[in-house]
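# Descriptive structure summary
Listed below are the residues making up each chain.
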Amino acid sequence: MDDTAVIDADNERHRREEQERRAKRKAQRESKSKSESQTEKERKRREHAQRILQAQKKHHQQQQQKSSADPSSAAAGGSSVFQSLFHQRAQGFLIDLRFRNAPPRPPVGP
């Protein structure tokens, strides 16, 4: 039992040290001021992410309006964004397979 008490004490000491280390690193990270170029990069990244999300939402809304107007498009593309993207990807594979399996072209020349 003496060994388990030593191990438990060591585990507790290690846990305390890790918590202190994490708190210290978090305080350093929060107190450190970012450079102007870094804040500009982060702002541009956030704006870009917002534009992409808005475009995706707009595209998704158009797909929903289209699918509600035409029930056959839901079967072809699916009801979710993932299913419609997967359907488009599958069409690309089908086109590729058709191209590969095309009959040979006649020879050109005299």
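Note that the structure is predicted; figures quoted are calculated from it, not measured.

Criteria and cut-off values
Residues numbered from 1 in each chain as written. Predicted model: local features only at pLDDT ≥ 70, side-chain atom pairs only at ≥ 80, totals over all residues. Heavy atoms only, no water. Salt bridge = Lys/Arg side-chain N within 4 Å of Asp/Glu carboxyl O. Helix = DSSP H or I, 4+ residues; strand = E, 2+ residues; numbered from the N terminus. Buried < 20%, exposed > 50% of the residue type's maximum accessible area, 1.4 Å probe, protein only. pLDDT = per-residue confidence, 0-100. Patch = residues over 30% accessible without salt bridge, like charges linked within 9 Å, V, L, I, M, F, W, Y side chains within 5 Å. Areas by Shrake-Rupley, 256 points an atom, 1.4 Å probe, with all protein chains shown as cover. Lys, Arg positive; Asp, Glu negative; His and termini not counted. Charge placed at Lys NZ, Arg CZ, Asp CG, Glu CD.

### Here's the deal with the pattern of salt bridges
All told, the structure shown has 6 salt bridges when counted by the stated rule. As a salt-bridge pair, R13 and D10 come within 2.4 Å of each other at their nearest N and O atoms. Of this pair, R13 and D10 both sit in helix α1 (residues 2–31), 3 residues apart, which is roughly one turn of that helix. Exposure remark for R13: the relative accessible area of 36% places this residue in the partly exposed category. A residue is classified by how much of its surface remains accessible, and D10, at 37% relative accessible area, is partly exposed. The salt bridge partner of E17 is R13, with a shortest N-O separation of 2.9 Å. With E17 and R13 both in helix α1 and 4 residues apart, the pair spans about one turn of that helix. If you follow the salt bridges from partner to partner, you end up with D10, R13 and E17 in one network.

### Some thoughts on the confidence of the model for the protein
Of the residues in the protein, 78% reach a pLDDT of 70 or more, and the chain-wide mean stands at 80. At the level of individual helices and strands, the protein shows its lowest average pLDDT in helix α3 (residues 71–77), which scores 48, and its highest in α1, which scores 92.

### A few points about a positive patch on the surface
Together, R25, K26, R29 and K32 make up a positively charged patch on the protein surface. Secondary-structure assignment places R25 in helix α1. Look at R25 and you get partly exposed, because its relative accessible area is 48%.

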